[in-house]
Amino acid sequence: MDPLQSVPGTAASQGCAGPADRCGGTRQCLLKGCEKWFVPSCPQARYCSPECRQAACRWRRWRASRQYRTTAEGQARRRAQSCRYRARQREARHSGKSVADDAEPPREGQRAAENPEGFGNCACDRPGCYDLFVRHPRSPEQHFCSVACRQALRRVLDRERRLRGRRRRGIPSRRRYSHGPP
């Protein structure tokens, strides 16, 4: 490739074989299921695209709602929501309107049949991972569903810790692109 054709910051322009060599500032997207290699736009970038950032935001809201539902206030609000739902159902039945045209009526408060009775009530800490797991008695502080999820988040947190350490020591950030000879 001609030096004039190469794009600064890409692995090919820096003489690397590819993103697996981790040169040129490439990193892997943290979102479970995506895990694409990308060149970050800023040093703290964790996700490869706006879609991945939105998916991580949806995951954070899902996880926060799960945690809120375990509190006494969350359970009380859920009970009130269920009462309002059942009242709407009774009104619809008495007025003669069809609540739903489905063959099977909605079942309030029942879980899907594929979930076993003692299903995991812990959610993984990795963004985008909706896997639920049961904490083992020998590791009650478990936060991840698998080793891959734990290593992915550890890789990101270690990189961010190194960056914070450089800033505290006053070391200027590394420049990815050369601006030409001095």
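Residues numbered from 1 in each chain as written. Predicted model: local features only at pLDDT ≥ 70, side-chain atom pairs only at ≥ 80, totals over all residues. Heavy atoms only, no water.

## As for the pattern of salt bridges
In step 1: Considering all chains together, one arrives at six salt bridges under this definition.
In step 2: Notably, a salt bridge pairs arginine 161 with aspartate 158, separated by 2.3 Å at the nearest N-O pair. Placement of the pair is arginine 161 and aspartate 158 together in helix α3 (residues 147-169), with a separation of three residues, close to one helical turn. (Salt bridge = Lys/Arg side-chain N within 4 Å of Asp/Glu carboxyl O. Helix = DSSP H or I, 4+ residues; strand = E, 2+ residues; numbered from the N terminus.)

## Description of the environment of proline 127
In step 1: Residue placement: proline 127 occurs in the loop between β3 (122-123) and β4 (132-133).
In step 2: Under the relative-accessibility criterion, proline 127 is labelled buried at 5%.
In step 3: For proline 127 and alanine 55, which are 72 residues apart along the polypeptide, the C-alpha to C-alpha distance reads 8.4 Å.
In step 4: Excluding residues that lie within four positions of it along the chain, proline 127 makes contacts with Leu30, Leu31, Lys32, Tyr47, Ala56, Trp59 and Leu153. (Buried < 20%, exposed > 50% of the residue type's maximum accessible area, 1.4 Å probe, protein only. Contact = heavy atoms within 4.5 Å.)

## Describing the confidence of the model for the chain
In step 1: Averaged over every residue, the pLDDT of the chain is 77; residues scoring 70 or more account for 68%.
In step 2: Confidence drops under a pLDDT of 50 for residues 1-24, and excluding neighbours within four residues, the segment shows 22 contacts in the predicted structure.
In step 3: Across residues 115-119 the pLDDT falls below 50, and counting only partners more than four positions away or on other chains, this stretch makes four contacts in the model. (pLDDT = per-residue confidence, 0-100.)

## Some points on the nonpolar core
In step 1: In this structure, Cys29, Leu30, Leu31, Tyr47 and Cys124 are the most contacted members of the largest nonpolar core, which totals 18 residues.
In step 2: Broken down by secondary-structure element, the contributors of at least two residues to this core are α1 (50-69) and α3.
In step 3: Examining the composition of this core, we find that four residues originate from one element, α3, more than from any other.
In step 4: Setting aside residues up to four positions removed in sequence, cysteine 124 forms contacts with Trp59, Arg63, Cys129, Asp131, Phe133, His143, Phe144, Cys145 and Cys149. (Core = buried A, V, L, I, M, F, W, Y, C linked by side-chain atoms within 4.5 Å.)

## Re α1
In step 1: With 20 residues, α1 should reach 28 Å at 1.5 Å per residue; the first-to-last C-alpha distance of 29 Å fits that figure.
In step 2: Among the residues of α1, Cys52, Ala55, Ala56 and Trp59 are the ones counted as buried. The buried residues of α1 occupy an angular sector of 100° when the element is viewed end-on, so they sit on one face. (Expected span 1.5 Å × (residues − 1). Arc of directions from axis to C-beta.)

## Some thoughts on helix α2 (residues 72-95)
Note: α-helices contain 3.6 residues per turn, so residues at a spacing of three or four share the same orientation.
In step 1: With 24 residues, α2 ought to run about 34 Å at 1.5 Å a step, and its terminal C-alpha atoms sit 35 Å apart, in line with that.
In step 2: Those residues of α2 lying buried are Gly74, Ser82, Tyr85, Gln89 and Ala92.
In step 3: Buried residues belonging to α2 abut α1.
In step 4: The positive-phi residue at the C-terminal boundary of α2 is glycine 96, with phi of around 90°.

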